[in-house]
Amino acid sequence: MIGIFLEQFCRGLRVVIALLTMALAIPVAAQVLARYTGVIPVYLWTEELATFIFVWVVMIGSMIAVWDGTHFAVLVLPDATSPLGTLIQNGFVLVLLIAFGIMFAWYGVAYAKFGALQHSVMMNANMFVTHVSVPIAGAVWAVFASYRLSQVIANFRNARSAAA
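Draft legend 1. Just helix α1 (residues 2–36), in detail. The terminal C-alpha atoms of α1 lie 50 Å apart, and with 35 residues this matches the ideal 51 Å at 1.5 Å per residue to within 8%. Burial in α1 covers these residues: G3, L6, C10, L13, I17, L24, P27, A30, Q31 and A34. Where α1 is buried, its residues meet α2 (45–68) and α5 (133–163).

Draft legend 2. Fine view of the environment of G101. Structurally, G101 can be placed in helix α3 (residues 83–116). Judged by its relative accessible area of 0%, G101 is buried. If sequence neighbours within four positions are ignored, G101 has contacts with G138, A139, W141 and A142.

Draft legend 3. Summary view of the packing of α2 against α5. Relative orientation of the contacting elements α2 and α5 amounts to 10 degrees, with a least axis distance of 8 Å. The orientation of α2 with respect to α5, classified from their angle, is roughly parallel. Residues V55, W56, M59, S62, M63, V66 and W67 of α2 lie in contact with α5, whose contacting residues are S133, V134, I136, A137, V140, W141, F144, A145, Y147 and R148. Across the contact of α2 with α5, the residue classes tally to 14 nonpolar, 2 polar and 1 charged.

Draft legend 4. Layout of the side chain of S133. For S133, the location among the structural elements is in helix α5. With residues near it in sequence (within four places) discarded, S133 still touches V55, W56 and M59.

Draft legend 5. Structural detail: the pattern of salt bridges. Summed over the entire model, instances satisfying the criterion amount to 3 salt bridges. Measuring nitrogen to oxygen at the nearest pair gives 2.7 Å for the salt bridge that ties D68 to R14. One end of the pair, D68, is in helix α2; the other, R14, is in helix α1, with 54 residues separating them in the sequence. Ionic pairing is found between R35 and E47, a salt bridge with its closest N-O pair at 2.8 Å. With a gap of 12 residues between them, R35 in helix α1 and E47 in helix α2 connect regions that are remote in the sequence. Under the relative-accessibility criterion, R35 is labelled partly exposed at 46%.

Draft legend 6. Structural context of the packing of α1 against α5. Two elements in contact, α1 and α5, have axes separated by 11 Å at closest approach and are oriented at 140 degrees. One way to sum up the angle between α1 and α5 is to call them oblique. Where α1 crosses over α5, the handedness of that crossing is left-handed. Residues I2, G3, L6, F9, C10 and L13 of α1 lie in contact with α5, whose contacting residues are V140, V143, F144 and Y147.

Draft legend 7. How the structure looks around unusual backbone geometry. Phi at N124 takes a positive value of approximately 55 degrees, unusual for a residue other than glycine. Structurally, N124 can be placed in the loop between α3 and α4 (128–131).

Rules of the game
- Residues numbered from 1 in each chain as written.
- Predicted model: local features only at pLDDT ≥ 70, side-chain atom pairs only at ≥ 80, totals over all residues.
- Heavy atoms only, no water.
- Helix = DSSP H or I, 4+ residues; strand = E, 2+ residues; numbered from the N terminus.
- Expected span 1.5 Å × (residues − 1).
- Buried < 20%, exposed > 50% of the residue type's maximum accessible area, 1.4 Å probe, protein only.
- Contact = heavy atoms within 4.5 Å.
- Axes fitted to C-alpha atoms, helices over the stretch in contact; angles between N-to-C directions.
- Parallel < 35°, antiparallel > 145°, perpendicular 65-115°, else oblique.
- Nonpolar A, V, L, I, M, F, W, Y, C, P; charged D, E, K, R; others polar.
- Salt bridge = Lys/Arg side-chain N within 4 Å of Asp/Glu carboxyl O.
- Left-handed = near helix turned anticlockwise from the far one by under 90°.

Okay, structure coming up:
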């Protein structure tokens, strides 16, 4: 049940990242046209908008990568062949990911509050818009990694009971 909800949530994140990536093309195209063709005047707000969108694309992309298991893992050791070795390898990475996700969420709240006190130079947009991506991403990393850890533990239990 939780897995289905999280899968649907991740599917929604994929839609949001696709829309943001398409939206990112607009200010970037305006910057390119302005700088290299002179067809339109140089608007500095487009650079800020592109930066704001890009921050969200990166953070949402990291959330999706945690769900897919394609982020935050570096293969230093060969893949384990035993169920216990697999549990230790995958569990260690996921526990670290949960810890870092919780730290990002916890300290990200103060970071977002700090951003709420600031405004961007050109657009005069509140910086909370980008700063809040950090605690949101951290919380989602922790939730996704916790679910993946529960799957790794369940796989270990199933493999152990099948061997017995």
